[in-house]
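The residues making up each chain are set out below.
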Amino acid sequence: MTNSNCDIDRLPDDALRMIFESVCEKDQANFHDYSMQNEVQKGRYWDDWHQNECWYNDSEKESNGPPPLALIAAMCVCKRWRCLMSQIPTLWTVLQISFGDCAASLEKVRTFLKLSGTHPLKITLLWNDPHNPFNGAPRRASLLNPYLPEPVDESVAGAYLVLIILELYAHVHRWREFTMRTTSKMHIRQALVLMSRPSVHPAHMLEKLHVQLVHDQLNVDPDHHEPFIFPGSAPPINDLILFGTSWSWLSPSMFSSHLVNLRIHYCTSGGNINTATTLDVLLQLLGTLVNLQTLALELDMDPLEDIMSPIALPRLHYLAMKSRKMDCWIADFLHSVHMPNLRILTLDGVLDEFMLVEIQFEGILQELIRLTDTNSSSSLLELDELHLVNFAHRADPQLLHRLYKQMTSVKVLTLGPGAFYGNDAFAMGLLPTSRGLADFPFPGLRTLIVFDIPRSFVRRIVLERLSLVGPLEELYYQEPDSRPVPEEEEDIIVPDDWQHQVEKYHCIDNLESDRYCDVVSRRWSYLA
């Protein structure tokens with residue numbers, strides 16, 4: 001007599017539990033891949049900030065919704081599986097919700113909240129593309145309720161978002177991580193207003209908060225008239241991203257000693273907004289972050305009306321600053337902020353081909369000179385890495401040389417893309433002078449990353465430095481592909497003898513993106 005039971009029915013509960021946990025991990029990985037896939041469209045990432053353009057437009061909408069949850073499908077296999085899975089709350093603590101889930105997203109939230117019990121929650125909410133609410137994805141019936149209607153416009157999509165936030169916010173005391181990314185200013189405001197409502201239980205365990213508005217940053221209003229989010233709470237946030245959303249939504253208590261990583265992207269150009277006052281408020285908040293280790297400020301701000309008060313960030317290790325108005329506020333920032341442990345500095349001038357006036361970086365260079373002058377009591381900066389991206393500025397060679405010879409601790413230097421001819425002066429400053437080692441630029445340099453400079457310049461740098469301090473450990477080089485060759489060099493063939501004089505030579509092909517984080521992290525392809 002043949003046994004009609006499947007072999008899998010004989011598996012003990014412990015074995016099934018391991019299978020379900022593996023399915024859960026696979027679901028999370030699939031959603032991550034889906035979100036990463038839709039972070040970039042035609043070479044542009046969701047957080048690109050380039051030439052006054054939003055990365056997102058009607059021709060670049062994602063075409064498919066997220067992959068269906070195998071975990072939900074497993075619930076429908078049989079009564080035993082459903083019962084067992086309902087008794088494992090840790091399977092349901094990671095909520096990954098997408099606009100492409102259609103109306104099933106609300107049902108999914110309720111299912112996960114119920115089955116996760118009292119465990120901490122990690123929530124990711126991707127609410128993209130309000131003009132085409134479901135991103136062109138075919139309607140997919142829900143396994144638990146196939147009859148829910150689909151939203152058809154931004155207002156209806158906003159109504160679904162409100163219902164989702166209300167469900168989630170009732171469990172705010174369980175939030176461990178919360179990430180929300182949307183392309184609609186209306187939707188981001190709806191969510192923040194709901195999160196500004198009093199809650200029975202405080203958000204006492206929230207450690208990660210990422211709020212990302214992917215939209216035209218020129219029209220963002222920095223002020224609002226609603227209360228702070230999470231009223232009555234002082235969540236121990238250590239990882240905070242505010243992208244396109246003002247810090248005025250956050251109470252000062254959130255800028256506390258818990259905060260370790262902070263990124264703020266905020267552009268207010270073109271409006272009648274007093275950005276000096278806005279920046280002053282931000283700087284006051286930064287002054288409380290005594291344990292901050294990484295800071296990224298992507299701001300277009302006007303000069304401060306008053307002298308900046310001194311700020312101490314004693315544990316800051318990495319600082320990135322990106323701005324179209326670098327000459328307006330960054331020198332003052334470097335002058336007033338005490339960062340004794342800063343080791344990695346990235347400056348991004350933002351490439352803008354429509355910019356009529358060249359940004360002057362002289363004030364920034366002068367301030368870096370002051371901070372690295374070992375003969376001065378104000379010598380406060382000992383960098384390991386310096387990354388310059390979009391520095392389209394013809395710097396004074398004498399000024400550069402003074403800075404370079406003072407930066408004795410720098411081991412990694414990036415002269416990044418977007419500078420065009422500006423990189424020539426920064427590169428030629430690496431050449432030794434007739435005074436030899438006593439006047440040597442970047443004497444500790446081991447890794448050089450250069451873009452948009454002629455091969456003849458690179459050859460001189462490699463060979464002339466070699467005779468005094470030995471070879472570079474690594475050289476990354478992307479040859480200029482479009483700039484005209486100077487007339488005096490048209491018939492000159494540059495020998496390749498320099499490439500073998502570095503320990504590791506890498507010829508860079510295409511960048512993954514123009515983002516400074518990709519340049520600094522060396523995310524690009526290589527030529528064979």
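Each value, and the rule that gives it
Residues numbered from 1 in each chain as written. Predicted model: local features only at pLDDT ≥ 70, side-chain atom pairs only at ≥ 80, totals over all residues. Heavy atoms only, no water. Buried < 20%, exposed > 50% of the residue type's maximum accessible area, 1.4 Å probe, protein only. Helix = DSSP H or I, 4+ residues; strand = E, 2+ residues; numbered from the N terminus. Contact = heavy atoms within 4.5 Å. Polar contact = N/O pair within 3.5 Å; in protein donor to acceptor, adjacent residues only side chain to side chain. Pairing = 2+ DSSP bridges. pLDDT = per-residue confidence, 0-100. Phe/Tyr/Trp six-rings, centres within 6.5 Å; stacked < 30°, edge-to-face > 60°. Core = buried A, V, L, I, M, F, W, Y, C linked by side-chain atoms within 4.5 Å. Salt bridge = Lys/Arg side-chain N within 4 Å of Asp/Glu carboxyl O. Axes fitted to C-alpha atoms, helices over the stretch in contact; angles between N-to-C directions. Parallel < 35°, antiparallel > 145°, perpendicular 65-115°, else oblique. Nonpolar A, V, L, I, M, F, W, Y, C, P; charged D, E, K, R; others polar.

### Brief notes about helix α10 (residues 397–406)
Owing to its 3.6 residues per turn, the α-helix brings residues three or four apart onto one side. Among all positions in α10, only Leu399, Leu400, His401, Leu403, Tyr404 and Gln406 are buried. In this fold, the buried residues of α10 make contact with α9 (362–372), β15 (412–415) and α11 (422–428). Residue aspartate 396 occupies the N-cap position of α10, its side-chain oxygen lying 3.0 Å from the main-chain nitrogen of glutamine 398.

### Side note on unusual backbone geometry
Peptide bonds are mostly trans, and most non-glycine residues show a negative phi. Of note in the backbone geometry, phenylalanine 442 takes a positive phi value of approximately 45° without being a glycine. Owing to a relative accessible area of 0%, phenylalanine 442 belongs among the buried residues under this scheme. Located in the positive-phi region is aspartate 452, a residue other than glycine, with phi close to 60°. Take aspartate 452: it is sitting in the loop between β16 (447–451) and α12 (455–469). Note on aspartate 452: relative accessible area 13%, which makes it buried.

### Describing the pairing of strand β13 (residues 344–348)
When you tally the buried positions in β13, you get five out of five residues, the bulk of the element. Of the two faces of β13, the one carrying Ile344, Thr346 and Asp348 and the one carrying Leu345 and Leu347 are both buried. Where strand β11 (residues 318–322) meets β13, five bridges bridge the pair, whose relative direction is parallel. Following the sheet pairing, alanine 320 is matched in β13 by threonine 346. By the bridge criterion, five bridges tie β13 to strand β14 (residues 385–389) in an arrangement that is parallel. Opposite leucine 345, over in β14, you have leucine 386 as the bridge partner.

### Digging into the environment of lysine 185
Within the secondary structure, lysine 185 is located in helix α6 (residues 185–194). Taking the relative accessible area as the measure of exposure, lysine 185 reaches 32% and is therefore partly exposed. Placed 29 residues apart in sequence, lysine 185 and valine 214 show a C-alpha to C-alpha distance of 8.6 Å.

### Remarks on the confidence of the model for the protein
Across the protein, pLDDT averages 79, with 77% of residues at or above 70. Within the model, pLDDT remains below 50 along residues 50–63, and this stretch shows 40 contacts once partners closer than five positions in the same chain are excluded.

### Observations regarding the packing of aromatic side chains
On inspection of all chains with the given rule, the structure shows 11 aromatic pairs. When the centroid spacing of 6.3 Å and the interplanar angle of 70° are considered together, the rings of tyrosine 169 and tryptophan 175 count as edge-to-face. Looking at tyrosine 169, the relative accessible area reads 9%, which means it is buried. On the accessibility criterion, tryptophan 175 (0% relative accessible area) is buried. Centre to centre, the rings of tyrosine 477 and tryptophan 498 are 6.1 Å apart; their planes meet at 75°, and the pair counts as edge-to-face.

### Considering the nonpolar core
Counting 129 residues, the largest nonpolar core has Trp175, Phe230 and Phe333 as the members making the most contacts within it. With seven residues, helix α5 (residues 154–169) is the largest single contributor of residues to this core. Setting aside residues no more than four positions away along its own chain, tryptophan 175 makes contact with Leu121, Ile123, Leu168, Tyr169, Met195, Met205, Leu206 and Phe230. Ranked by size, the runner-up nonpolar core spans 13 residues in total, among them Phe451, Tyr476, Ile508 and Trp524.

### Description of the side chain of arginine 263
The topology assignment puts arginine 263 in strand β8 (residues 261–267). We classify arginine 263 as buried; its relative accessible area is 17%. Within the local environment of arginine 263, its side chain forms a polar contact with the side chain of glutamate 298, the two groups lying 3.0 Å apart.

### Quick word on the environment of phenylalanine 457
Topologically, phenylalanine 457 is positioned in helix α12. Placed 33 residues apart in sequence, phenylalanine 457 and aspartate 424 show a C-alpha to C-alpha distance of 7.9 Å.

### Describing the pattern of salt bridges
Scanning the model with the defined rule gives 12 salt bridges in all. Here aspartate 384 ties to lysine 411 by a salt bridge, and the two come within 3.5 Å at their closest N and O atoms. Here lysine 411 lies in the loop between α10 and β15 and aspartate 384 lies in the loop between α9 and β14, a separation of 27 residues in the sequence. On the basis of relative accessibility, which here comes to 42%, the residue lysine 411 falls in the partly exposed class.

### Regarding the side chain of serine 251
Secondary-structure assignment places serine 251 in the loop between β7 (239–243) and β8. Looking at serine 251, its side chain comes within polar contact range of the side chain of serine 253, at 2.8 Å.

### A few points about the packing of helix α8 (residues 326–336) against α9
Two numbers describe how α8 lies on α9: the axes approach to 8 Å, and their chain directions differ by 10°. With respect to their mutual orientation, α8 and α9 come out roughly parallel. Counted together, Met326, Ile330, Ala331, Leu334 and His335 of α8 and Gly363, Ile364, Glu367, Leu368, Arg370 and Leu371 of α9 form the full contact between these two elements. Of the residues contributing to the contact of α8 with α9, the split by class is seven nonpolar, two polar and two charged.

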